[in-house]
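Secondary and tertiary structure notes
Read off the chains here:
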Amino acid sequence: MAWRDAMCGELRAGDAGRRVSVAGWADTRRDFGGLVFVDLRDHTGKTQLVINPERAPAAAGVAHEIRNEFVLQATGEVVAREPETVNPNLPTGQIELQVDELRILSRSTALPFQLDEEGVDETLRLRYRWLDMRTERMQRNLRLNHTAISAIRRVMDERGFVDVWTPSMTRGTPEGARDFLLPVRLQPGRFYALAQSPQLFKQLCMVGGIDRYYQIATCWRDEDLRADRQFEFRQLDYEMAFVEREDVLDVMEACVVGAFEAAGVEAPTRPFPRLSFGDAMLRYGSDKPDLRFGMEIQDATEVTRDSEFGVFKNAPCVRYVVVPRTYSRSEQARLEELAKEWGAKGLANLTQISKFLSERELQAFGVEEGSTALFVADEEPVVARVLGLLRLHLARELDLIRADLDVFHWVLDFPLFEHSEEFGGWTFMHHAFTAPVPGSEATLESDPAGALGQHYDLIWNGWELGSGSIRIHDAEVQQAVFRVMGMTDEEQRDKFGYLLDALQMGAPPHGGFAMGIDRFVALLAREPDIRQVTAFPKIASGSDPLTGAPTPFPDSALQELGIRLLPSQPD
Ligand code: ASP
């Protein structure tokens, strides 16, 4: 006998008269002493079971034992409901199942939370994720995740991409995060790193003639967990040989549109708009601006060069945003406090400083009645960052962000290097394998600040979905980049000898991209964080509430790996 021959959510008025078996979870039970009603649920929906002691005395005996989330199998006849008992809110609301046989397949202990309960603590939801997964929300999200990935795979397949599996256990692959280390029993004292991405392997696939590589790759990065970050996540990772930037972007856009269409959501129009990194920083104070609203940052550096107002005149950069409302003194003070937390020295309100400004300045700012211009004067990066954060903060506060919009765009022309205070030298902006724009190879070492990279980011409503670039395929250029980053020849050989060797044995021009699948699906599902689209995520403390990992291991296990813990570590 089959467990079931109909799904709980599929029965309709037209099925009346059919004899079916259904199986699923008891969603609710209403026991009237005689008649018992049970809503039976599976991932397709619910069907109302009616257990009538006169029709099925044995089933009625079983029905009194049922509690929420018991697993049941019921066999009976689909009957049309009386007009007054039709439930218009349920797709199966026209019918019910008059049960003849009822079996409890599995019981449930008392539940830590009810599935329809609002505001359940997230850690509790994750501790009992199997229950949480039965909710409509999680069912929808996990299935959407699958829909998006299948659509992406179809696009990649149609375009001739080959799915090549690359190792998770490798040497450190520098993507700007810390590595997770993996001790090796056969070689105590040595460690693999879990791949931060398949970056170098996919480049080696190009040298190996694969031509079009892709993978839904798991990546591991030891970073603080946030709404859009987990220790491990999946990305659509691809690489192409003999291509230009436009070919790479085209594939990514096709995947986005394919996934939207498969999910039944109106797809963004192609080609996606583009913004240079310089413009993004100037106009939005961020390299991943949210373009669902305006409130662009204005530059006032030029016009304030001869200002009477010393704060402006002496600052290397002066910019402002115009907010469509006025602020009281105390509100202004609160905003200034925020700006200071973000690193500004202050936040000037035009109304409060206008007496120090010339007619020319006031005219240039052109602020209308009822609006407020808020200024930051400082080094350029500070001004951009603070106004970028302020722009977002105010837009949220004033409800200017349209939740129904999906704005995708590219950010292009990033600098190749950035100066790192931490290392006191140059480091890569994206990763060390991004090619400089053609023609600038020769001046990389003499002018690292001026070098632009052939790098591109994809942004959706202010979330960075992914990054990619045209890669360096010439060993000498690669070595020049390593040198700018302060690596000696020995260090280069030690860490990246295999890459340099490969680049010297017939490396084709190539480029690629990687997009965070979980970020993409979270946004597609309109969820606020990626945990809601991940089956078994970890929480901010870095632990897994379900299994209790990470856990200590006995000394004997550590000893085999050549590891002894410092006294401050848990034992
Ligand atoms: N490996 C890069 C990353 O994971 C993506 C790429 O450059 O293709 O961000």
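What this report covers is the structure whose coordinates are included nearby. (Residues numbered from 1 in each chain as written. Predicted model: local features only at pLDDT ≥ 70, side-chain atom pairs only at ≥ 80, totals over all residues. Heavy atoms only, no water.)

1. A look at the overall build of the protein chain
Quick reminder of the rule: In DSSP terms, a helix is any run of H or I states spanning at least four residues, a strand is any run of E spanning at least two, and both are numbered starting from the N terminus. Only protein chains enter the accessibility calculation, which uses a 1.4 Å probe; a residue whose area is less than 20% of its type maximum is buried, one above 50% is exposed, and one in between is partly exposed. Note on contacts: a residue pair is in contact if any heavy atoms of the two residues lie within 4.5 Å. With residues, only the protein chains shown are counted as cover, and all accessible areas are computed by Shrake-Rupley using a 1.4 Å probe. This count recognises Lys and Arg as positive and Asp and Glu as negative, with His and chain-terminal groups excluded. Charge positions come from single atoms, namely NZ of Lys, CZ of Arg, CG of Asp or CD of Glu.
Check the secondary structure of the protein chain and you find 16 helices and 22 strands. Based on the C-alpha atoms only, the size of the protein chain along its principal axes is roughly 95 × 70 × 55 Å. Here the protein chain holds 571 residues, and 49% of them are scored as buried. A sequence separation of at least 24 residues applies to 67% of the contacts in the protein chain between residues at least 6 apart. With the model as given, the accessible surface of the protein chain reaches about 28,000 Å², and the carbon-plus-sulfur share is 51%. For the protein chain, the centre of its 62 positive side-chain charges and the centre of its 89 negative side-chain charges are spaced 3 Å apart.

2. Observations concerning the sheet that holds strand S14 (residues 317-323)
For the record, the criterion: Two strands are said to pair when DSSP picks up at least two bridges between them.
Pairing is antiparallel across the open sheet formed by four strands, whose spatial order is S13-S14-S16-S15. Each of the sheet's edge strands pairs with one partner strand only, and the pair in question is strand S13 (298-299) and strand S15 (348-349). With two bridges connecting them, S15 and strand S16 (residues 372-378) associate as antiparallel partners. Its bridge partner being in S16, Ala348 is matched across the sheet by Phe375.

3. Topic: the packing of helix H4 (residues 136-158) against helix H15 (residues 517-524)
To be explicit about the condition: For helices, the fitted axis covers only the stretch in contact; all axes are lines through C-alpha atoms, and the angles between them, taken along N-to-C directions, range from 0 to 180 degrees. Working definition: roughly parallel below 35 degrees, roughly antiparallel above 145 degrees, roughly perpendicular at 65 to 115 degrees, and oblique for all remaining angles. Crossing handedness: left-handed means the near helix sits turned counterclockwise from the far one by under a right angle, and right-handed means the same turn made clockwise. Each residue receives one of three labels: charged for Asp, Glu, Lys and Arg, nonpolar for Ala, Val, Leu, Ile, Met, Phe, Trp, Tyr, Cys and Pro, and polar for the others, Gly being one of them.
The interhelical angle for the contact between H4 and H15, taken along N-to-C directions, is 120°, at an axis separation of 10 Å. Here H4 is positioned oblique relative to H15, judged by the angle of their axes. Crossing handedness for the pair H4 and H15: right-handed. Mapping the contact onto sequence places Asn141, Leu144, Asn145, Ala148, Ile149 and Ile152 in H4 and Ile517, Phe520, Val521 and Leu524 in H15. Residue composition of the contact of H4 with H15, by class: eight nonpolar, two polar and no charged.

4. As for the environment of Glu261
Mapping Glu261 onto the fold places it in helix H6 (residues 245-263). Owing to a relative accessible area of 55%, Glu261 belongs among the exposed residues under this scheme. As for Glu261 and Ala151, which are separated by 110 residues in sequence, their C-alpha atoms are 8.5 Å apart.

5. A closer look at the pattern of salt bridges
What counts here: Any carboxyl oxygen of Asp or Glu that lies within 4 Å of a side-chain nitrogen of Lys or Arg is treated as forming a salt bridge with it.
Applying the stated criterion across every chain yields a total of 45 salt bridges. Across the pair Arg153 and Asp163 runs a salt bridge whose closest N-O atoms are separated by 3.1 Å. Taken together, the residues span a long stretch of sequence, with Arg153 in helix H4 and Asp163 in strand S6 (residues 162-163) at a distance of 10 residues. In this structure, Arg270 and Glu253 form a salt bridge, with 3.0 Å as the shortest nitrogen-oxygen distance. On the criterion of sequence distance, the pair formed by Arg270 in the loop between H6 and strand S12 (274-276) and Glu253 in helix H6 is long-range, its members being 17 residues apart.

6. Thoughts on the sheet that holds strand S9 (residues 191-194)
In space, the three strands of this open sheet follow the order S7-S9-S8, with antiparallel pairing throughout. What marks the edges here is a single partner per strand, and that holds for strand S7 (169-170) and strand S8 (181-183). One ladder, built from three bridges, connects S8 with S9; its direction is antiparallel. Counterpart to Leu181 in the pairing with S9 is Ala193.

7. Some remarks on unusual backbone geometry
In the segment running from Arg270 into Pro271, the intervening peptide bond is cis, with an omega of -10°. Following the sequence through the fold, Pro271 ends up in the loop between H6 and S12. Residue Pro550 is reached from Ala549 by a cis peptide bond, and omega for that bond is 0°. Take Pro550: it is sitting in the loop between H15 and helix H16 (555-560). A positive phi is found at Met295, a non-glycine position, where the angle reads about 45°. If you trace the backbone, Met295 turns up in the loop between helix H7 (277-284) and S13. Classification of Met295 as buried rests on a relative accessible area of 13%. Residue Asp413 is not a glycine yet carries a positive backbone phi of 55°.

8. Side note on the packing of aromatic side chains
Defined as follows: Pairing of aromatic rings covers Phe, Tyr and Trp, the last counted by its six-membered ring, and requires centre-to-centre distances within 6.5 Å; plane angles under 30 degrees mean stacked, over 60 mean edge-to-face, and any other angle means tilted.
All told, the structure shown has 24 aromatic pairs when counted by the stated rule. Aromatic side chains Phe482 and Phe496 sit 4.8 Å apart centroid to centroid with 10° between the ring planes, which places their arrangement in the stacked category. Of this pair, Phe482 sits in helix H13 (residues 475-484) while Phe496 sits in helix H14 (residues 489-503), placing them 14 residues apart in sequence. Of the two residues, Phe482 and Phe496, neither departs from the other in class, the shared state being buried.

9. A word on the site of the ligand
In plain terms, the rule: By convention in this text, a residue qualifies as near a molecule or strand provided that one of its non-hydrogen atoms is within 4 Å of it. Polar contact is the term for a pair of N or O atoms within 3.5 Å; when the atoms are in protein, one must be able to donate a hydrogen and the other to accept it, and sequence-neighboring residues count only if both atoms are side-chain atoms.
Around the ligand lies a shell of 13 residues, among which Glu175, Gln199, Lys202, Arg221 and Arg471 are the nearest. Between the ligand and Ser197 there is a distance of 3.2 Å, counted from a nitrogen atom to a side-chain nitrogen or oxygen. One nitrogen or oxygen atom from the side chain of Arg221 is found 2.9 Å from an oxygen atom belonging to the ligand. Coverage of the ligand by the protein chains reaches 95% of its 270 Å² of free accessible surface.

10. A few points about the side chain of Lys202
Position of Lys202 among the secondary structure elements: in helix H5 (residues 199-207). Discounting residues that sit within four places of it in the chain, Lys202 has contacts with Tyr213, Asp237, Tyr238, Glu239, Arg471, Phe513 and Ala514.

11. Regarding the pairing of strand S1 (residues 19-31)
In the sheet, S1 pairs with strand S4 (residues 71-80) via seven bridges, with the strands oriented antiparallel. What sits directly across from Gly24, in S4, is Leu72. Bridge count for S1 against strand S2 (residues 36-42) is six bridges, and the pairing is antiparallel. Among the inter-strand pairings, Asp31 is bridged to a residue of S2, identified as Val36. Counting the residues between successive antiparallel strands, the hairpin from S1 to S2 contains four residues, one of them, Gly33, with a positive phi of roughly 80°.

Read these as layout, nothing more, since geometry by itself doesn't imply function.
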